[in-house]
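Spelled out, the chains give:
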Amino acid sequence: MSAKGNDKQIYITTPLYYVNAKPHIGHAYTNILGDTFTRYHRLAGREVFFLTGTDEHGTKIEKTARQHNEEPREYVEKMVPLFKDLWRLLGIQYDQFIRTTDEAHKEVVRAVLLKLEGTGDIYRAGYTGWYCTPCESFWTKLQLVEGKCPDCGRDVQELIEDNYFFKLSKYQSWLIEYINANPGFIQPEMRRNEITSFLKDPLEDLCITRPKARLEWGIEYPSSSEHVVYVWFDALINYVSAIGMEVDENRFNTIWPADLHLVGKDILRQHAVYWPIMLKACGVEMFKTVLAHGWWTMQGAKVSKSRGNIVDPVVLAKVYGVDALRYFMLREVTVGFDGAFSEDLLRQRYTSDLANDLGNLWFRNGSMLEKYFHGAVPEVSGAETDPLLLMTFALWNKVEEALKSYDPRAALDAIWKVITAANQFVEEKKPWVLAKDPARAEELARALRALTECLAHLAVILTPFLPDTARKILDRLKLSTQPLIRTTAEFSVLMVTPGTSVERGEALFPKLDEEKEPAS
Ligand code: MSP
């Protein structure tokens, strides 16, 4: 991740989720990614500010509220807790939850608009579009399908409206140069290439208002009571309004610029074209990276409310546990690519990687400590030179490397190599054979000391990925459940105090009930 000044916090953001439906696994994924990066930095002793929230204005929300016979304001109040509850359930350690209906946010949006009007980057002009009355949707010519509404296929009416426009076009060549000069700005590379080719065609200025005649639910445009602000222009500003831009410059400067804007690939254009230009036009320092992840799909289609193929993360977390869901999402796909969601695969990962590899390793070590050492960690000299531990110590740099390139999957691959090696170590050492021979007591003690240390290190390094499991292991080993590893050297040391009495505890990943119906 980016090099920081001393006081500047690392700033990570998620998109603001539309509250027109309850959150699904696609939304959960982005927040799990953000939480994993956040926890990793915290583990490494870095200050992080992690922002998430909800996008509450616009046609989508207004329409859904009306379908429920509710006022948009009432409706959003009811929906927001679903998001907060899910983040609580998934252990998402965010620092602030911003809502675009927050007064403080609206103030900043108005200030930005007035500033840009003042500099001439926003102007008023006529706008031609096509309106579908039954859908109450306004389309551009390009969006129409054979001249009809792309949603319902019915006829549309041509409409000319007066609106406010933001001069994207003025900044196009600046943006192209900026992207070329900063290869890490848009990631992964395949997405940067998409944006670069999109920018080969001339950019049209962005229409940033909607007449109140067809949309009421939004921030009123400051210099026209006839207009509300386009939902994207409003929502993008959250990244700076949340942290005090225009209000508390001190706070703003300790957090901004954002180090990482996490988004899905479908909203990259807004974040990699509109947003940088908005910042540039406002004279605000550029964010460091926007990282676009792929989609979770089911039967080949994006998981989404409109396709009706929703998978509920609450149900999955209840059946398999939060860590299993986190693990599955982080391990199953490389960030940037789409991933096919399947509960069968989740069950397989649960059973093989979590219950068999990690859960059994813990259980076997605990049982052997109990059996051969009354549950206490044996003391041996020079334990830190055991080859299993040398391999374990090397994990810190590997995980760091992987997370620097936003690749939690590679980090988990490296961690699981050590777990596999530790299981092989048990098979090779055969502590149960050593225990039968008093002459080999020292060897037995060495083996269990090495294994216990290996598990302690695994728990530490798993905290960003599997926070619950890591906490359980650390707790049972009587270690701090909030570890701090500021340098590689701090990871390459023995952690468990000899003589500590280790609680084996309940299975980390209980056997799944074969009879149980899958959650979806
Ligand atoms: N409100 C806008 C974002 C404004 S950010 C200033 C929005 N909201 S959304 O609720 O529709 O989507 C939020 C995020 O969820 C997007 O990053 C989107 O890619 C992600 N996902 C929605 N469905 C998804 C999947 N099926 N899979 C992975 N992520 C997906 O867009």
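Conventions adopted
Residues numbered from 1 in each chain as written. Predicted model: local features only at pLDDT ≥ 70, side-chain atom pairs only at ≥ 80, totals over all residues. Heavy atoms only, no water. Pairing = 2+ DSSP bridges. Helix = DSSP H or I, 4+ residues; strand = E, 2+ residues; numbered from the N terminus. 1 Å grid on protein atoms, 1.4 Å probe; cavity = no way out; pocket = protein on both sides within 12 Å on 5 of 7 lines; lining within 4 Å. Points joined across faces, edges and corners; volume = space filled by probe spheres on them. Axes fitted to C-alpha atoms, helices over the stretch in contact; angles between N-to-C directions. Parallel < 35°, antiparallel > 145°, perpendicular 65-115°, else oblique. Left-handed = near helix turned anticlockwise from the far one by under 90°. Contact = heavy atoms within 4.5 Å. Nonpolar A, V, L, I, M, F, W, Y, C, P; charged D, E, K, R; others polar. Buried < 20%, exposed > 50% of the residue type's maximum accessible area, 1.4 Å probe, protein only. Arc of directions from axis to C-beta. Core = buried A, V, L, I, M, F, W, Y, C linked by side-chain atoms within 4.5 Å. Near = heavy atom within 4 Å. Polar contact = N/O pair within 3.5 Å; in protein donor to acceptor, adjacent residues only side chain to side chain. Areas by Shrake-Rupley, 256 points an atom, 1.4 Å probe, with all protein chains shown as cover.

Asker: It is not clear to me how the sheet that holds strand E6 (residues 157-166) should be interpreted in this structure. Could you clarify?
Answerer: Across a sheet, paired strands are connected by hydrogen bonds in the backbone, their directions being either parallel or antiparallel. Read from one edge to the other, the open sheet built from four strands follows the order E5-E4-E6-E8, with strand pairing classed as antiparallel. Looking at which strands have only one partner, the edges of the open sheet turn out to be strand E5 (137-139) and strand E8 (206-207). As judged from the three bridges shared by strand E4 (residues 122-132) and E5, these two strands associate in the antiparallel manner. By the bridge assignment for E5, Trp130 is matched with Trp139.

Asker: I tried to follow the sheet that holds strand E3 (residues 96-99) on my own but got confused; where do I start?
Answerer: Strand order in this open sheet of six strands is E3-E2-E1-E11-E12-E7, and the pairing throughout is parallel. The two strands at the open ends of the sheet, each matched to only one other strand, are E3 and strand E7 (186-187). Inspection of the sheet shows strand E1 (residues 10-18) paired to strand E2 (residues 48-55) by seven bridges, in the parallel sense. When the bridges of E2 are listed, Ile10 appears paired with Val48.

Asker: Looking at this structure, I do not really get empty space enclosed by the protein. What am I missing?
Answerer: One water molecule sets the probe size; rolling that probe over the atoms shows where empty space is left. If you walk through the whole model with that rule in mind, you get one cavity of 30 Å³ or more. In this structure, the largest cavity spans a volume of roughly 40 Å³. Around the largest cavity sit Val112, Ile237, Val240, Met245, Trp275, Met278, Leu279 and Cys282, which together line it. At four residues, helix H10 (residues 268-282) tops the list of elements feeding residues into the lining of the largest cavity.

Asker: Help me understand the packing of helix H6 (residues 189-198) against H10, please; the structure alone is not making it clear to me.
Answerer: Two measures define how a pair of helices packs: the angle their axes make with one another and the distance between the axes. Closest axis-to-axis distance for the H6/H10 pair is 11 Å, and the angle between their directions is 55 degrees. In terms of orientation, H6 lies oblique with respect to H10. Here H6 and H10 pass one another in a crossing that is right-handed. Contacts between H6 and H10 pair Arg191, Ile195 and Phe198 from the former with Leu268, Arg269, Ala272 and Val273 from the latter. Looking at the contact of H6 with H10, its residues break down into five nonpolar, no polar and two charged.

Asker: Mind showing me how you'd approach helix H5 (residues 172-181) here?
Answerer: Because an α-helix packs 3.6 residues into every turn, residues spaced three or four apart end up facing the same way. All of the buried residues in H5 are Gln172, Trp174, Leu175 and Ile179. Buried residues of H5, seen end-on, are gathered within an arc of 155 degrees and therefore sit on one face of the element. Set apart from the buried face of H5 by more than 90 degrees, the exposed residues are Glu177, Asn180 and Ala181. On its buried face, H5 is in contact with E7, H6 and H10.

Asker: Explain the nonpolar core here, please?
Answerer: Burial of nonpolar side chains together is a common tendency in soluble globular proteins. In this structure, Leu90, Ile415, Trp416 and Phe465 are the most contacted members of the largest nonpolar core, which totals 107 residues. The element contributing the most residues to this core is helix H18 (residues 441-462), with 13 residues. Not counting residues within four places of it along the chain, the set of residues in contact with Ile415 comprises Leu395, Val399, Leu458, Ile461, Leu462 and Phe465. Judged by nonpolar contacts, the second largest core, of 60 residues, contains Leu16, Tyr171, Leu206 and Ile277.

Asker: Quick question: what am I supposed to make of the site of the ligand here?
Answerer: Taken together, 23 residues surround the ligand, and among them Leu16, Asp55, Gly264, Asp266 and Val303 come closest. At 2.7 Å, a side-chain N or O of Asp55 approaches a nitrogen atom of the ligand. A distance of 2.8 Å is found between an oxygen atom of the ligand and a backbone nitrogen or oxygen belonging to Gly264. If the ligand stood free it would expose 660 Å²; the protein chains cover 95% of that surface. Looking at the shell around the ligand, the elements with two or more residues in it are E1, helix H1 (25-43), helix H7 (231-236), helix H8 (238-241) and strand E11 (260-264). The biggest single contributor to the shell around the ligand is E1, with four residues.

Geometry only, nothing functional implied.
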